[in-house]
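Each chain, written out:
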Amino acid sequence: MGSFGLDNENVGTDVYFSLGLKQSGKGAMKIPPRVLSPLSSLLERSVQSNEMHMEATEIKEVTIFHGLRAPPLSIRQYIDRVFKYSGCSPSCFVVAKIYVDRYLQSTQVHLTSFNVHRLLITSVMLAAKFIDDAFFNNAYYAKVGGVSTAELNRLEMKFLFTIDFRLQVSIDTFKKYCSQLEKEDAVHQIERSIQACGVKEDEIVISSSQRMIT
């Protein structure tokens, strides 16, 4: 199930290869798939945008997913860690993003540096359980995510009830998210090239429509 129908020739095979969802060769899965980069970028943009808005409007939110302080690991570092130790398929990270969006849409909660890490480990764990052929128990994912087993158990149940146990993801939805991530990856690569060339940010304008922010 971990392939998530990636053998279907009509479902954006080129996009899947581009994001590293279809990897070949011995030891290929040990290499972080490209999808982790645009996923991290999307989440970081969303967090930055939300926190600026919340600060300006003095919005305060506290949920079971909120920590007392932001974890020391960046979103990218955390995602890399989860991939390295969870053993889940790259497709899990696309499905996890879909799950996180469903949670946010159901609660109207904003994604911030205080809740993004817990939402990530919970959604990745659920994705692994739902689409991968093999997965670990909650105690193992808790260690990977840096929370206690008891806390992750609570997070899992809260997440499931919030999204009404809607774990099924259609191929069309999966393909849509892959396309969004590929576009974000293109924008991210452009920005990295600009930074490498030493071009100032105010010397180039990147259309907001190019940035797929949830």
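Relevant structure appears above.
None of these values were measured; they are calculated from a predicted model.

A.B. asks: So what exactly am I meant to see when it comes to the layout of surface pockets here?
C.D. replies: Any empty space left between atoms is shown by rolling a water-sized probe over those atoms. By volume, the second largest pocket amounts to about 260 Å³. As for the second largest pocket, its lining consists of Glu-51, Met-54, Glu-55, Ile-59, Lys-60, Glu-61, Val-62, His-66, Gly-67, Leu-68, Thr-112 and Phe-114. Here the lining of the second largest pocket is composed, by residue class, of five nonpolar, three polar and four charged.

A.B. asks: How should I be thinking about the side chain of Asp-185 in this particular structure?
C.D. replies: As for its placement among the helices and strands, Asp-185 is situated in helix α8 (residues 171–197). Here Asp-185 falls in the buried class, since its relative accessible area comes to 4%. In this view, Asp-185 contacts Arg-34, Ser-37 and Pro-38; residues no more than four positions away in its chain are not counted.

A.B. asks: When you look at the environment of Glu-184 in this model, what are you seeing that I'm missing?
C.D. replies: In this structure, Glu-184 sits in helix α8. Glu-184 gets classed as buried once you look at its relative accessible area, which sits at 0%. A polar side-chain atom of Glu-184 sits 2.7 Å from a polar atom in the side chain of Arg-45.

A.B. asks: Looking at this structure, how should I read the environment of Ser-18?
C.D. replies: By the element assignment, Ser-18 lies in helix α1 (residues 13–19). For the pair Ser-18 and Cys-178, spaced 160 residues apart in the sequence, the C-alpha separation amounts to 9.7 Å. Setting aside its immediate chain neighbours within four residues, Ser-18 contacts Arg-34 and Glu-182.

A.B. asks: Help me understand helix α7 (residues 149–162), please; the structure alone is not making it clear to me.
C.D. replies: In an α-helix there are 3.6 residues to a turn, and that puts residues three or four apart on one side. Taking 1.5 Å as the rise per residue, α7 with 14 residues should run 20 Å; its terminal C-alpha atoms sit 20 Å apart, in good agreement. For α7, the full list of buried residues reads Glu-151, Leu-152, Leu-155, Glu-156, Phe-159, Leu-160 and Thr-162. Buried residues of α7 fall within an arc of 160° about the axis and therefore sit on the same side. Its buried side turned inward, α7 meets α4 (91–107), α5 (116–131) and α6 (138–145). Directly beyond the C-terminal end of α7, a positive phi value near 60° is found at Asp-164.

A.B. asks: I would appreciate a short explanation of the side chain of Thr-162 in the present structure.
C.D. replies: Take Thr-162: it is sitting in helix α7. In terms of polar contacts, Thr-162 uses its side chain to reach the backbone carbonyl oxygen of Lys-158, at 2.6 Å. Once you skip the residues sitting within four places of it in the chain, Thr-162 turns out to touch Tyr-103, Ser-106 and Thr-107.

A.B. asks: Just checking my understanding: could you explain empty space enclosed by the protein for this structure?
C.D. replies: Per the stated rule, a full pass over the model turns up two cavities of 30 Å³ or more. Volume-wise, the largest cavity comes out at about 40 Å³. Residue assignment for the lining of the largest cavity shows that the elements contributing at least two residues are α2 (36–57), α4 and α5. Of the residues belonging to the lining of the largest cavity, the class tally is seven nonpolar, no polar and one charged.

A.B. asks: Explanation requested: unusual backbone geometry in the structure shown.
C.D. replies: Leaving glycine out, the prevailing phi sign among residues is negative, and the prevailing peptide bond configuration is trans. For Glu-58, which is not a glycine, the phi torsion comes out positive at approximately 60°. Inspection of the secondary structure assignment puts Glu-58 in the loop between α2 and α3 (75–86). Positioned with a positive phi, Asp-164 is a non-glycine residue whose angle comes to about 60°. With respect to the helices and strands, Asp-164 occurs in the loop between α7 and α8.

How each quantity is defined
Residues numbered from 1 in each chain as written. Predicted model: local features only at pLDDT ≥ 70, side-chain atom pairs only at ≥ 80, totals over all residues. Heavy atoms only, no water. 1 Å grid on protein atoms, 1.4 Å probe; cavity = no way out; pocket = protein on both sides within 12 Å on 5 of 7 lines; lining within 4 Å. Points joined across faces, edges and corners; volume = space filled by probe spheres on them. Nonpolar A, V, L, I, M, F, W, Y, C, P; charged D, E, K, R; others polar. Helix = DSSP H or I, 4+ residues; strand = E, 2+ residues; numbered from the N terminus. Buried < 20%, exposed > 50% of the residue type's maximum accessible area, 1.4 Å probe, protein only. Contact = heavy atoms within 4.5 Å. Polar contact = N/O pair within 3.5 Å; in protein donor to acceptor, adjacent residues only side chain to side chain. Expected span 1.5 Å × (residues − 1). Arc of directions from axis to C-beta.

In short, geometric facts, not functional conclusions.
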